[in-house]
Amino acid sequence: MHSSRTGALAAASVLSLGVSLLASPLATAAPTPLLGASTGAALHAAHTQHATYPDWPGQPPRPARKGAPLSCVPVHDDEPEATNAEDFDELPLARVAGLPTRVDMRDNTSSYNREWEVTLKDGQLYTRPRHSTKEWRLAPMPSCMRGQLIGVSMDAEEIVALDKNGWVYTMFEAQEDTDEWYWKTAWGSLLRTEDGFQMANTHSGQWSLSIINVNDDKYYTDKDGVTHHISLAGCTQILELSPDGRHLFSHDPWLPNDYSYEWGTPVQSRFIARSVSASGSVALITNKYGDLYTRMWDYDYSGGDPAQFRYTFTKDTSRHEAEDWFDQRLNPSTPKIRIPVPDWTQQPKIPGEITDRLSVESVAVGSAHRLLKVEGRKNGVTGYWKKMLNDRRWTFVPTRLPLRGTLLENSPRDRTMDTLAPSSPLNYRGKLSANASLTVPHFAYQSPHQPVTLTVGGKSYPITMHTVYGRLGTMASQELFAHSYGVTQQPRRYAIAFELPSAVWTAQHSNPALAAFVKSYLRGERTHTMYMTVTSDTMTLLNPLVPGISLTPQVAELDRY
């Protein structure tokens, strides 16, 4: 039944966290922050002395709080009775005209999973079995929700719906019979302890629910082609575009409702996205010229959750294949997830007319099995273009239904660079050691790769700084409490790695100063893991003296310019 499954999931999630803690060095000693107390106090003092630059990007896109979630919807309890849940054949038949005869795409009006379809009309939600000829029926929901909904998104075992004020309502057990469906408002913080969440952007086509889970998807595949078991709790998020299209937020129901987690967008987060769709942690976005990009990202996979996963910035050559998530987490001979996860991948241009109506769906086990769809037209016939995530060619499926999206100026050539926002104004520079300095221009705080310049012995070298937001390397440093949006006086925490391109690595032979720097500061490594905090004034680099042990690090402070 629903209660036992949900209880088992919560128990498994807590158990997984507990097992992770037992497996951690933190379990054998008193929890220690990355910095020693005296060093941390010194850094805090340094941060407070530089308040000269404005926050960026500025005020968060939070809505003015309007009202409260609908009062008849349970907050934390699993109550199918309050949802008026019944067997499908007992649900009231739809008494409204104009409901779709078929549902081909997942958007904010109609959607589907492997078992059910849903559609929204006049604030009411309707459902029927997937790929059936059965009539639409009113979906189970608390009575006060009827007629109040303006958007819906469905993925795997959940449905998310929004009311006119942007309040989020979650329906669970969406792959079970309708008599087990139930709704809650709880969203945010560990174990969904916050009472609810209100989204800023409720515009159709600019938000999407994404779920990856152990039953439907089973595993991630990282950039090295290594598979990693999805955690028992899976990973749920709502993706939300900012009104200007430059920011793509991730709202995870187990993280604070704070707008601090972002996917970034292509070209160092300068790409202006017009619409988004997502499923199974894969997102598809487009600009106004039909330039399409995809990326796989979630809190677990991206490197933010050392409580449940082990990560590495270098290729892991471990050959033992984990039997399950527990073996993967506890057995040090199993491969770690390679981070940072790949940035956005540009998809082939579609050879025909398209709209901004996008759709992604998880169709099989494994994170690569995502079906992409884009509404459009070919030779005057309406339908949609489709392809699997890694295929090179789009094929057209005619439906002869009216187009619902807005037609884009889909030029044959790539016009990504024609719509870019200005570069980030966050520039930092400072000394790493007596004869080495680092310049970080246009720091894109939400992007995974930063082009930076290392200067050693009077010579400058272009290198890459990889960044993973949300922690300083340990479970004790995870961002589990509310954080400010963007870059402010509140430090943002990152795990980072400096990577030297082959030309710079070989340049050690002709530059003894560079060779000495690599040996001493980078510990002789071509890819060297460190940690970092960033404020609107200062970038502080923390270089552990012992790999994996973040005590008494070398501290270098770069000032904003």
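Provided above is the structure to which this section pertains.
Quick caveat, the model's predicted, so the values are computed rather than measured. In this numbering scheme, every chain counts its residues from 1 along its sequence in written order. In keeping with the model being predicted, local features are shown solely for residues with a pLDDT of at least 70 and side-chain atom pairs are shown and tallied solely at 80 or more, while totals for entire chains, interfaces and linings include all residues. To obtain the side-chain values, all non-hydrogen atoms of the structure were used and water was disregarded.

K.L.:
Would you mind showing me how to read the packing of aromatic side chains here?
P.N.:
Where two aromatic rings form a pair, the distance of their centres and the angle of their planes describe that pair. Here a Phe, Tyr or Trp ring, Trp counted by its six-membered ring, pairs with any other such ring whose centre lies within 6.5 Å, and the pair is stacked when the planes are under 30 degrees apart, edge-to-face when over 60, and tilted otherwise. Enumeration over the complete set of coordinates arrives at 21 aromatic pairs. Look at Phe 271 and Tyr 293: their rings are 5.1 Å apart centre to centre, the planes differ by 65°, and that puts the pair in the edge-to-face class. Residue Phe 271 is located in the loop between α3 (266-269) and β14 (275-279), and its partner Tyr 293 is located in strand β16 (residues 292-296); the two are separated by 22 residues in the primary sequence. An aromatic cluster is present here, built from Tyr 261, Tyr 299, Tyr 428, Phe 443, Tyr 469 and Tyr 494 joined pairwise through their rings. Any Lys NZ or Arg CZ found within 6 Å of a ring centre and within 35 degrees of that ring's normal is scored as a charge over the ring. Across from the ring centre of Phe 172, 5.3 Å away, lies the NZ or CZ of Lys 184, which sits over that ring. The positively charged end of Arg 415 is found above the aromatic ring belonging to Tyr 289, 3.6 Å away from the centroid. Starting at the N terminus, helices and strands are each numbered in turn, a helix being any DSSP run of H or I of at least four residues and a strand any DSSP run of E of at least two.

K.L.:
Sorry, what's going on with the state of the cysteines here?
P.N.:
Here is the idea: a disulfide is a covalent bond, and it sits between the sulfur atoms of two cysteines. Cysteine sulfur atoms that pair up within 2.5 Å are treated as a disulfide. Enumeration over the complete set of coordinates arrives at one disulfide. Covalent S-S linkage joins Cys 72 and Cys 144, the inter-sulfur distance amounting to 1.9 Å. As the torsion about the S-S bond is roughly -90°, the Cys 72-Cys 144 disulfide counts as left-handed. With Cys 72 in the loop between α2 (37-48) and β1 (110-112) and Cys 144 in the loop between β4 (137-138) and β5 (149-155), the pair connects residues that are 72 residues apart, well separated along the chain.

K.L.:
For this particular structure, what's the right way to read the pairing of strand β7 (residues 168-172)?
P.N.:
Each regular strand displays side chains that alternate between the two surfaces of the sheet. Remark: exposure states derive from per-residue accessible area (1.4 Å probe, protein chains only) relative to the maximum for the residue type, with buried under 20%, exposed over 50%, and partly exposed in between. The element β7 is extensively covered by neighbouring structure, given that five of its five residues are classed as buried. Residues Val 168, Thr 170 and Phe 172 point to one face of β7 and Tyr 169 and Met 171 to the other, with burial holding for every one of them. At least two bridges found by DSSP between two strands are what make those strands a pair. Judged from the five bridges that link them, strand β6 (residues 158-163) and β7 form a sheet pairing that is antiparallel. Paired with Ala 161 across the bridge in β7 is Tyr 169. In this structure, the hairpin formed by β6 and β7 is closed by a connection of four residues, where Gly 166 is found at a positive phi of approximately 85°. The pairing of β7 with strand β8 (residues 182-184) spans three bridges and is classified as antiparallel.

K.L.:
I tried to follow the sheet that holds β6 on my own but got confused; where do I start?
P.N.:
Backbone-to-backbone hydrogen bonds pair the strands of a sheet. The strands run either parallel or antiparallel. On the basis of which strands lie adjacent, the open sheet formed by four strands has the order β5-β6-β7-β8 and antiparallel pairing. On the outer flanks of this sheet lie β5 and β8, each paired with one strand and no other. Averaged over all pairs of adjacent strands, the angle between their axes in this sheet comes to 25°, without regard to strand direction. To get an axis, fit a line to the C-alpha atoms, keeping to the stretch in contact for a helix; angles then go from 0 to 180 degrees between the N-to-C directions.

K.L.:
Help me out: how do you make sense of unusual backbone geometry in this one?
P.N.:
Leave glycine aside and you will find that most residues have negative phi; peptide bonds, for their part, are mostly trans. The omega torsion of the bond from Trp 56 to Pro 57 falls at 10°, within 30 degrees of zero and hence cis. Of note, Pro 57 is situated in the loop between α2 and β1. Between Ile 339 and Pro 340 the backbone carries a cis peptide bond, its omega angle lying at -10°. Within the fold, Pro 340 resides in the loop between β18 (337-338) and β19 (345-346). If you check the backbone angles, Leu 191 has positive phi at about 65° while not being a glycine. Looking at the secondary structure, you find Leu 191 in the loop between β8 and β9 (207-212).

K.L.:
Please clarify how empty space enclosed by the protein should be interpreted in this entry.
P.N.:
Sizing a probe to match a water molecule and rolling it over the atoms shows the empty space that remains. Put plainly, a pocket is an open set of points on a 1 Å grid over the protein atoms alone with protein on both sides within 12 Å along at least five of seven lines, a cavity is a set where a 1.4 Å probe fits but cannot get out, and a lining residue has an atom within 4 Å of a point. Grid points are joined across faces, edges and corners, and a volume is the space filled by probe spheres set on the points. Under the definition given, this model contains three cavities of 30 Å³ or more. In this model, the largest cavity occupies a volume close to 200 Å³. Taken together, 20 residues make up the lining of the largest cavity; nearest its centre are Trp 297, Gln 446, Thr 467, Val 468 and Tyr 469. Going through the elements one at a time, β27 (459-469) and β28 (492-499) are the ones with two or more residues in the lining of the largest cavity. The dominant element in the lining of the largest cavity, judged by the number of residues it contributes, is β27, at three residues.

K.L.:
In this structure, what is going on with the nonpolar core? I would like to understand it.
P.N.:
One recurring pattern in soluble globular proteins: nonpolar side chains tend to sit buried together. By nonpolar core is meant a set of buried Ala, Val, Leu, Ile, Met, Phe, Trp, Tyr and Cys residues that side-chain atoms within 4.5 Å join together. Among the nonpolar cores identified, the biggest contains 98 residues, and Leu 432, Leu 438, Phe 443, Phe 498, Met 539 and Leu 541 are the most heavily contacted of them. The next biggest cluster of nonpolar side chains, apart from the first, holds 22 residues, and it includes Trp 116, Leu 149, Ile 159 and Trp 181.

K.L.:
It is not clear to me how the pairing of strand β21 (residues 370-378) should be interpreted in this structure. Could you clarify?
P.N.:
For β21, the tally of buried residues reaches seven of nine residues, placing the bulk of the element in the interior. By the bridge criterion, seven bridges tie strand β20 (residues 353-362) to β21 in an arrangement that is antiparallel. Its bridge partner lying in β21, Glu 361 is registered against Leu 371. Here β21 runs beside strand β22 (residues 381-388); their pairing, made up of eight bridges, is antiparallel. When the bridges of β22 are listed, Lys 378 appears paired with Val 381. In this antiparallel pair of consecutive strands, β21 and β22, the connection spans two residues, and Asn 379 shows a positive phi of 55°.

K.L.:
Sorry, what's going on with a negative patch on the surface here?
P.N.:
A cluster of like negative charges, contributed by Glu 86, Asp 87, Glu 90, Glu 115, Asp 177 and Asp 179, occupies part of the molecular surface. One can find Asp 87 in the loop between α2 and β1. Judged by its relative accessible area of 44%, Asp 87 is partly exposed. By definition, no residue in a patch forms a salt bridge, and every one has over 30% relative accessible area; like charges are joined within 9 Å, nonpolar side chains (Val, Leu, Ile, Met, Phe, Trp, Tyr) within 5 Å. For the area figures, the Shrake-Rupley method with a 1.4 Å probe applies, and any residue is considered shielded solely by the protein chains shown. In what follows, salt bridge is the name for a side-chain nitrogen of Lys or Arg lying within 4 Å of a carboxyl oxygen of Asp or Glu. Charge counting follows a simple rule: Lys and Arg are positive, Asp and Glu are negative, and His as well as the terminal groups are ignored. By convention, charge coordinates are those of NZ in Lys, CZ in Arg, CG in Asp, or CD in Glu.

K.L.:
Looking at this structure, how should I read the sheet that holds β4?
P.N.:
Reading across the sheet, the four strands line up as β1-β2-β3-β4 and stay open at both edges, with antiparallel pairing between neighbours. Taken across any chain shown, the strands that pair with only one partner, and hence form the sheet edges, are β1 and β4. Both β1 and strand β2 (residues 116-121) contribute to a ladder of three bridges, which runs antiparallel. The residue bridging Ser 110 from the neighbouring strand is Thr 119, located in β2.

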